[in-house]
Amino acid sequence: ETALASGDFDDAAIEIFRVNWSNTTQRVLMRQGSLGEVRRSGSAFTAEVRGLSHYLQQPKGRLFQFGCDAEVGDARCGVDLALPAHRGTGAIMALEGGRVLIVSGLDTYAPGWFTRGLLSMASGANATRRIEVKRHGVVGALVSLEIWQAFSAPLAAGDAFTVTVGCDKQLATCRDRFQNARNYRGFPHMP
């Protein structure tokens, strides 16, 4: 249930076989596909099985749009997320609800620096899980990270994390924050 809720089975490969029940080595592959939308109802779930033709309906290629279509830190973007200015480490000090984390270790970063960044848990029940940061705020001496949705397992004070810088995919951000305007993958001057 925890793995399902955290998305471990999103787009999982599915194979349907016809099998001789008395000798399971005798089987024939009938269909292939992937796991699609999962709906939960109480203690049960319903999963959509998508055929291979589903992938033909997915958009391919680039879109002509104002915003950048690269992900910060990928090969097309070129920003090095391993640099100390682009990566912070810390620990959770307290929780407000399931989505607002009061943290330590990020005191030297400006408010909003990690907004739209990626929070990767390094310890605790969610170790190795990652989620996007909705908002990075600083109020007085308190630094907070708000995440888009709660983790599947509860977070606890003392859980360690790493967070990478965020990008709003605008030319000004690429130019001013990262000095990377030459790798900007949007079309900011289109009519």
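Refer to the preceding data block for the structure.
Note that the coordinates shown come from a computational prediction; the quantities given were computed from them, not determined experimentally. (Residues numbered from 1 in each chain as written. Predicted model: local features only at pLDDT ≥ 70, side-chain atom pairs only at ≥ 80, totals over all residues. Heavy atoms only, no water.)

## Some points on the overall build of the protein
Scanning the protein for helices and strands turns up 2 helices and 9 strands. Listed by position from the N terminus, the elements making up the protein come as α-β-β-β-β-β-β-β-β-β-α. For a compact globule of 191 residues, the expected C-alpha radius of gyration is about 16 Å, and the protein comes in at 21 Å, more than 25% above that figure. Across the 191 residues that make up the protein, the buried fraction comes to 30%. The contacts in the protein between residues at least 6 apart in sequence include a share of 53% that link residues at least 24 apart. Taken as two groups, the 21 positive and 18 negative side-chain charges of the protein have centres that lie 5 Å from each other. (Helix = DSSP H or I, 4+ residues; strand = E, 2+ residues; numbered from the N terminus. Rg over C-alpha atoms; globule rule 2.2 N^0.38 Å. Buried < 20%, exposed > 50% of the residue type's maximum accessible area, 1.4 Å probe, protein only. Contact = heavy atoms within 4.5 Å. Lys, Arg positive; Asp, Glu negative; His and termini not counted. Charge placed at Lys NZ, Arg CZ, Asp CG, Glu CD.)

## Quick notes on unusual backbone geometry
Residues other than glycine seldom take positive phi values, yet Arg-116 does so here, at roughly 70 degrees. A relative accessible area of 44% places Arg-116 in the partly exposed class. The backbone of Gln-179 sits at a positive phi, close to 50 degrees, despite the residue not being glycine. You can see Gln-179 is positioned in the segment after helix 2 (171–176). Overall, the relative accessible area of 62% leaves Gln-179 in the exposed class.

## Comments concerning a nonpolar patch on the surface
On the surface, Ile-16, Val-28 and Met-30 cluster together to form a nonpolar patch covering roughly 250 Å² of accessible area. With respect to the secondary-structure elements, Val-28 resides in strand 2 (residues 27–41). (Patch = residues over 30% accessible without salt bridge, like charges linked within 9 Å, V, L, I, M, F, W, Y side chains within 5 Å. Areas by Shrake-Rupley, 256 points an atom, 1.4 Å probe, with all protein chains shown as cover. Salt bridge = Lys/Arg side-chain N within 4 Å of Asp/Glu carboxyl O.)

## Structural notes on the pattern of salt bridges
Enumeration over the complete set of coordinates arrives at 10 salt bridges. Two residues, Arg-50 and Glu-48, come together in a salt bridge whose shortest N-O distance is 3.0 Å. By relative accessible area, which is 27% here, Arg-50 ends up partly exposed. The exposure class of Glu-48 is partly exposed, given its relative accessible area of 32%. A salt bridge links Lys-169 to Glu-71; its shortest N-O distance comes to 3.7 Å. With Lys-169 in the loop between strand 9 (160–164) and helix 2 and Glu-71 in the loop between strand 3 (44–51) and strand 4 (87–96), this residue pair connects regions lying 98 residues apart in the sequence. Counted as one network, the salt bridges with shared partners bring together Arg-99, Lys-134, Arg-135 and Glu-146.

By themselves these figures say nothing about function.
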